[in-house]
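Residue strings, one per chain:
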Amino acid sequence: MTDDADDIAERKMQFLFALRSRGVTDKRVLTAMEKIDRGAFVRGHFATRAYEDMPLPITCGQTISQPSVVGLMTQALRVTPRDKVLEVGTGSGYQAAILSQLARRVYTVDRHKALVTDASAIFQALDLTNITALTADGSFGLPEQAPFDRILVTAAAEDPPGPLLAQLKIGGIMVVPVGQSDAVQSLIRVTRSETGFDYDELRPVRFVPLLEGLGRD
Ligand code: SAH
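Once a new chain begins, its residue numbering starts again from 1 and follows that chain's sequence as written. Only residues with pLDDT of at least 70 get local features here, since the model is predicted, and only at 80 or more are side-chain atom pairs given and counted; chain-wide, interface and lining totals rely on the full set of residues. In computing side-chain properties, one takes all heavy atoms of the structure into account and sets aside hydrogens as well as water.

Under an unreviewed UniProt entry, the name given to the protein is Protein-L-isoaspartate O-methyltransferase, and the source organism is Roseovarius atlanticus. The protein has a UniProt comment under Sequence similarities (unreviewed entry) that states "Belongs to the methyltransferase superfamily. L-isoaspartyl/D-aspartyl protein methyltransferase family." Comment text from UniProt for the protein, heading Catalytic activity (unreviewed entry), reads "[protein]-L-isoaspartate + S-adenosyl-L-methionine = [protein]-L-isoaspartate alpha-methyl ester + S-adenosyl-L-homocysteine". UniProt positions are given in the numbering used here, feature names are shortened, and annotations may be inferred rather than shown by experiment.

1. Focus: the pairing of strand β3 (residues 84-88)
In the case of a regular strand, side chains alternate between the two sheet surfaces. Among the 5 residues that make up β3, 5 are buried, leaving the element largely enclosed by the rest of the structure. Whether a residue is buried, partly exposed or exposed follows from its accessible area with a 1.4 Å probe, protein chains only, as a fraction of its type maximum: under 20%, in between, or over 50%, in that order. In DSSP terms, a helix is any run of H or I states spanning at least four residues, a strand is any run of E spanning at least two, and both are numbered starting from the N terminus. Across the two faces of β3 the burial is the same, with Lys84, Leu86 and Val88 and Val85 and Glu87 all buried. In the sheet, β3 pairs with strand β4 (residues 105-110) via 5 bridges, with the strands oriented parallel. Of the residues in β4, the one forming a bridge with glutamate 87 is threonine 108. Only strands that DSSP links by at least two bridges are regarded as paired with each other.

2. Details of the UniProt feature "active site" (unreviewed entry) in the protein
The sites that carry the UniProt feature "active site" (unreviewed entry) are, in the present numbering, Ser65. With respect to the secondary-structure elements, serine 65 resides in the loop between β2 (63-64) and α3 (67-77). Not counting the four nearest positions on each side in its chain, serine 65 is found in contact with Arg38, Met54, Pro55, Val70 and Phe207. By the convention used here, residues are in contact when the closest approach between their heavy atoms is within 4.5 Å.

3. A few points about the site of the ligand
As a matter of local geometry, the ligand sits amid 28 residues, with Ser92, Asp110, Asp137, Gly138 and Leu211 nearest to it. Think of a polar contact as two N or O atoms within 3.5 Å of one another; within protein, one of them needs to be a possible hydrogen donor and the other a possible acceptor, and neighboring residues in sequence only count if both atoms come from side chains. At a separation of 2.6 Å, an oxygen atom of the ligand approaches a polar side-chain atom of serine 92. One of the backbone N or O atoms of glutamine 95 is found 3.0 Å from an oxygen atom in the ligand. For the shell around the ligand, the secondary structure elements donating two or more residues are β2, β3, α4 (94-102) and β4. Here the shell around the ligand is composed, by residue class, of 11 nonpolar, 13 polar and 4 charged. We call a residue near a molecule or strand when any one of its heavy atoms sits within 4 Å of it. As a working rule, the residues Ala, Val, Leu, Ile, Met, Phe, Trp, Tyr, Cys and Pro are called nonpolar, Asp, Glu, Lys and Arg charged, and the rest polar, with Gly in that last group.

4. Quick look at the pattern of salt bridges
What makes a salt bridge here is a side-chain nitrogen of Lys or Arg within 4 Å of a carboxyl oxygen of Asp or Glu, nothing more. A full pass over the atoms with the stated rule returns 7 salt bridges. A salt bridge links lysine 12 to aspartate 37; the nearest nitrogen and oxygen atoms lie 4.0 Å apart. Taken together, the residues span a long stretch of sequence, with lysine 12 in helix α1 (residues 3-21) and aspartate 37 in the loop between α2 (27-35) and β1 (56-57) at a distance of 25 residues. For lysine 12, a relative accessible area of 31% gives the class partly exposed. Across the pair arginine 150 and aspartate 83 runs a salt bridge, and its minimum N-O distance is 3.5 Å.

5. Quick look at the sheet that holds strand β7 (residues 168-178)
Taken in spatial order, the 7 strands of this open sheet run β5-β4-β3-β6-β7-β8-β9, and their pairing is mixed. The open sheet terminates on both sides in strands that have one partner only, identified here as β5 (131-135) and β9 (197-205). Each strand axis lies, on average, 15 degrees off the axis of its neighbour in the sheet, ignoring direction. For β3 and strand β6 (residues 148-153), the ladder comprises 4 bridges, and the chain directions are parallel. In this description, a line fitted to the C-alpha atoms serves as the axis of each element, helices being fitted only across the stretch in contact, and the angle between N-to-C directions of two axes falls anywhere from 0 to 180 degrees.

Laid out in structure tokens, this is it:
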């Protein structure tokens, strides 16, 4: 191996080690995160930091989430191979790519068309054919594909949005950061039962806010 290849292998080992040490223990999630190269989703200046456990800036003023948070959220979602999943907040596409390894079908929406276009190109290049990325205000979910087995929101809402709750199947699970945009938010897991919704508070997190309407780019 060249020094560069050694270096990348070493960084990837540390990446997986950091995930485990921060509580990502689910084998399927770890395997998916080992397979999907975060480096493919980080451009330019910050590409060299793709394997560090930190959020990084992407275009449209957005961020690709911290890998350990991606892992913990994915784990909390308890995805099964039969599931149809909706992700709100495509961003770089990294989280959707991880979900694509665990679920039957992934729909991901973002309010910025430019992010959806870039992410779709990466999905195609990586041959991730079970993901569909669309430009939409995800606060309203994706009525034409509802209901969903799992919904993952990767932007912070003040409350779990009503249309998303309505688009969850009975027995379905939604993971969503809830709280005011600048304050610390809580990651919430909502499980829909025959009679209503059960809420679990999982951990403090920090996400960009879920905004209304479409972005200008
Ligand atoms: N999951 C992403 C990171 C998400 S950052 C990744 O893996 O890289 C949060 C994203 O939510 C941003 O891209 C932002 O544009 C998007 N967003 C915010 N409000 C939204 C809304 N109402 N509908 C859809 N996307 C939204």
